[in-house]
Amino acid sequence: MTGRTGRIGKILLITILFSCRILADSVENDSIRYTTLGEVIILEKLPVSTGSEISALKMDRMDLPRVSQALEWIPGITLSEASSRGESLLFLRGFDQTRIPVFMDGIPVSVPFDGLIDLGRIQTSSISKIQVSKGISSLLLGGNTMGGAVNIISTAPAKRFEFGVKASTLWNTAASLGSRHDKWYVQLDGSWLHRNDFRLPSGYTPVTGLQEGDKRHHSRTTDYQFNGKFGFTPKDGDEYMVGYSRITADKYVPPYLGTNGMPRFWRYKDWDKEQIHFFSRTAIHPDWSFESRLFYDRYYNLLKAYDNKEYNSQQSKSAFNSYYDDYSAGARFILAWDGIQNHTLKLGTNYKRDVHRSHDDLDPVATQDEYTASVALEDTWEASSRLSFLAGAGFFYHKGNKAEMYEPLPGSKSYGIVSYPTSSDQDINYQFAVDYKHNSNHSFRFSFSRNARFASLKDRYSYKRGRAIPNPDLKTERSFNLDITYNGNYNNLRWYASAYYMFLSNTIQEITGVVESDPLIWQLQNKGKAHHRGVEAGLSYHYNWIKAEANYTFINRTNKSDTKVSFTGVPDHKWNAMLEVSLWHRLVLIAHMTAVTSTTVSSNGDLSIPGYALFHSSIGKRFNRIEAKLGVKNLFDKLYYLSEGYPMEGRLFYASLSYTFNSQ
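(A) Highlighting the sheet that holds strand 5 (residues 102–104). Read across the sheet, 5 strands follow the order 1-7-8-5-6 without closing on themselves; strand pairing throughout is mixed. Each having just a single partner strand, strand 1 (53–55) and strand 6 (107–108) make up the two edges of the open sheet. The pairing of strand 5 with strand 8 (residues 149–154) spans 3 bridges and is classified as parallel. Residue pairing in the sheet places M104 in a bridge with I152 of strand 8.

Next up, the structure:
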C-alpha cells in the first residue's frame, strides 16, 4: 500500500510541476453570452439569489461535462445516479425530479410518460448557465412546479466570429462556432462524450459471477449532442430565434450488486431526444411587449433487456425489447405591460400536449395522450429602491385524451389493446414574495407559494411490469412553501443563508393490500402528507490570487401520514467547497470537494448507503489561445454510492487541451 501511495504522490507532484491550464486575465469575468429569450425571470430588476445558479465558467473550471455533475454544486440539490435505469436524477429540497420540471431555455424537456429526464445525457459544453428556482418559481413556466424548477440556458455568440474546440482524455470532445452581427446571429455547437467500463475504487469487494476485477462491467456510455440556432434582431427590443437540438445516446445499465434485489441486464440501445423551437420577443409599444415560445420535442428509446450477465442473450421470458416513441408539443405566450409606474405586469398562457406510444417487440402500440393548460398573472412592484413585491396567481388544467394499455382482454386469455377511462383535474396556484435591500451589503427575500403537480401518465396507468394496478383517478398533489433568504457581502466576502418549510398534502404514495389474492400488489393513491424543512448557507471569498467558496445543506423530511415509513434518497447533510489559487507564471491550482452523510434507501429505514467525501484537483495554464490542463477526480479513490448496489467510479487522472478564438 505504501508503494502505491508513493507512486500516486509522484504522479501528483509531476502534475503540479509540469501541467498547465488556460486562465487568461480576461477569464476572470465570465463574459459568455446567453440566450436571453431562454430566461424566465421571477422578480424583475432583481439579482438571482446567490446559491441558485452555476455559470459556464465554473462548470469548465471544475471539469463538469454533464448537467447532473454541475447541479450537484448547488445547495439543496442531491443526486441519484446509476440505479436500475442508469439515470442521473435530482432531488431539490427533498422533492424528486417528477416534482421539479427541467427546462431548456424555458421549454420543458421532461419525458412525457414519467416526467423525468436523464440529466447525465445533457452535456454542458453548449450551456451558459443553469438556474434553479427554489421556494417559488414563475407561474409563467406552466404547471407542475411543485418544488421548484431547473432552467438550463444555452449560449449565444457575443462577437463577430467565435470558434472553440476542446478535447480531453475523459473522452470528451466539443466544438462551437458562432457569429453575431447587427441584425442577426448564428450559433452551432457539437459534442461527443464517451465512457468505457470505468475502474472501481480499490476498496471494492468483487461479487462472484456479476462483478469480478476492477472494471465495472457494462458501465460504458456514448453520447452525441448537437445544438443550432439562428436569431434575427431587427431593432432594439425585438428578437426572433429558431433553434434545433438533438441528443443521441447508447448506454448500458450495469447490474445491481447489492443484497436487496435481483440484478437486471439492461441496455438502452437508443436514447434519442430532439427538439425544434421558435422564440420571439416584440416591443409592440413603449409600455408593451410580447413573447412567444413554440416547440416540438420528441423522445425515442429502445430498451433491450437481456437474460445473462454478458448482455447477449434474450431467450427467457424475462428478456424483452421495449420501445418508446413519445413527443410533446406546446406553446407559451406572455404579454408584459409597464404602463403603471414601478409595476411590471405579465399575463401568460401555456399549452402542452404529451403523447406516449409504447410496445414490446411485435406487440401492438398502446397510446396515452393528455394535455395541460394554464393562464397566470404576475405583478412585480418596485415600491422603492429598497423594497419590491411580487404577487401572482394562475389557473392550471389537465385533461386526458386517450389511455390505452396492452394487457389481457376481459374474459379472454389473449392479449390486446384495452382502453382505460381518462380523467381531468384543475387547480389554482398563487404566490407572494417580498425583497428588501437594507443597503448595498445586505438584502432579504421572503416568499410564500401554493403549488401543485398533476399525476403523470406513468403514475396513472403503469402496471410496473406486473407489480401494480393502474389508478386513472389520481388527483393533484399540493404543497405550501415558505422561504426566507438573506444575502450579504463585505469587501471581498459574500455569504447567504436560506431557511424553508414546506407542507405537502394529497401526495401520491404506494398502497399495498389492494388485491386480496396477492398482498404484494400495490396501487398509487393520494394518501400522503409530509413536512420538508431545512437550511442552506454559503460563503465565498475572492481576492487577487485566491478564490474560495463553500456551501452547506441541511434537510429534514417527516412523513405525517405514517411516521414508521421513512423517506428515501436524500442525505440530511451535504457540503461543497472549492479553492482556486493562482500560482506563478499563470499556473492555477483548483481543488474542490463534495461530502454527504449517510442516505436512507428503504422505506422501513433498515437499509442505507454510507456517507462519503470526494476530492478533485487540477492544475493548468494558458498559452495565448491554447488551454491545457491535468487533473484527477476522486483523488483518494473513495468507494461510494449514489444508489444502493451501484458503486461509482474510482480515481481517474485526465488531461485536456482546448483552443479558443474570438474576433470583434
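(B) The side chain of S292, seen in detail. Relative to the assigned elements, S292 resides in strand 15 (residues 288–306). Residue classification places S292 among the buried residues on the basis of a relative accessible area of 7%. At a separation of 2.5 Å, a polar atom in the side chain of S292 contacts the side chain of S280. Not counting the four nearest positions on each side in its chain, S292 is found in contact with F278, F279, S280, R332 and F333.

(C) A look at the packing of aromatic side chains. Throughout the structure, instances matching the rule amount to 27 aromatic pairs. Between W288 and W337, the ring centres sit 5.5 Å apart and the planes meet at 25 degrees, which makes this aromatic pair stacked. Separated by 49 residues along the polypeptide, W288 in strand 15 and W337 in strand 16 (residues 320–337) bring together distant segments of the chain. Taken together, the aromatic side chains of Y252, F265, Y306 and Y311 make up a single cluster linked through ring pairs. The ring of Y185 carries R180 above its face, with NZ or CZ at 4.4 Å from the centroid. Geometry around Y268 places K251 over its ring, the cationic atom sitting 4.8 Å from the centre.

(D) Representation of the pattern of salt bridges. Here the structure, examined in full by the defined rule, presents 34 salt bridges. One salt bridge connects R93 with D483, and the closest N-O pair in it is separated by 2.8 Å. Taken together, the positions of R93 in the loop between strand 3 (89–92) and strand 4 (95–96) and D483 in strand 23 (residues 477–490) put the pair 390 residues apart, joining distant regions of the chain. Each of the two residues, R93 as well as D483, counts as buried. Among the salt bridges present, the one from K251 reaches D118, with a minimum N-O distance of 2.8 Å. Here D118 lies in the loop between strand 6 and strand 7 (127–133) and K251 lies in strand 13 (residues 239–253), a separation of 133 residues in the sequence. Note on accessibility: K251 and D118 belong to one class, buried.

(E) Geometry of the sheet that holds strand 3. As summarised here, the arrangement of the 3 strands in space is 2-3-4, forming an open sheet in which the pairing is antiparallel. Two strands lie at the open edges of the sheet, namely strand 2 (77–80) and strand 4, each paired on one side alone. In this structure, strand 3 lies alongside strand 4, joined through 2 bridges in antiparallel fashion. For F91, the partnering residue across the bridge sits in strand 4 and is D96.

(F) Layout of unusual backbone geometry. Of note in this structure, N342 is not a glycine but carries a positive phi near 70 degrees. Structurally, the position occupied by N342 is in the loop between strand 16 and strand 17 (343–360). Judged by relative accessible area, N342 falls into the partly exposed class, the value being 39%. The phi angle at D361 is positive, at roughly 45 degrees, despite the residue not being glycine. Structurally, D361 is set in the loop between strand 17 and strand 18 (366–382).

(G) Region of interest: the confidence of the model for the protein. For the protein, per-residue confidence averages 89 on the pLDDT scale, and residues scoring 70 or more make up 92% of the total. The low-confidence segment residues 1–31, where pLDDT is below 50, has 59 contacts with residues more than four positions distant or belonging to other chains. Contacts for the low-pLDDT stretch residues 43–47, under 50 throughout, to residues beyond four places or in other chains number 14 contacts.

Calculation criteria
Residues numbered from 1 in each chain as written. Predicted model: local features only at pLDDT ≥ 70, side-chain atom pairs only at ≥ 80, totals over all residues. Heavy atoms only, no water. Pairing = 2+ DSSP bridges. Helix = DSSP H or I, 4+ residues; strand = E, 2+ residues; numbered from the N terminus. Buried < 20%, exposed > 50% of the residue type's maximum accessible area, 1.4 Å probe, protein only. Polar contact = N/O pair within 3.5 Å; in protein donor to acceptor, adjacent residues only side chain to side chain. Contact = heavy atoms within 4.5 Å. Phe/Tyr/Trp six-rings, centres within 6.5 Å; stacked < 30°, edge-to-face > 60°. Lys NZ or Arg CZ within 6 Å of the ring centre and 35° of its normal. Salt bridge = Lys/Arg side-chain N within 4 Å of Asp/Glu carboxyl O. pLDDT = per-residue confidence, 0-100.

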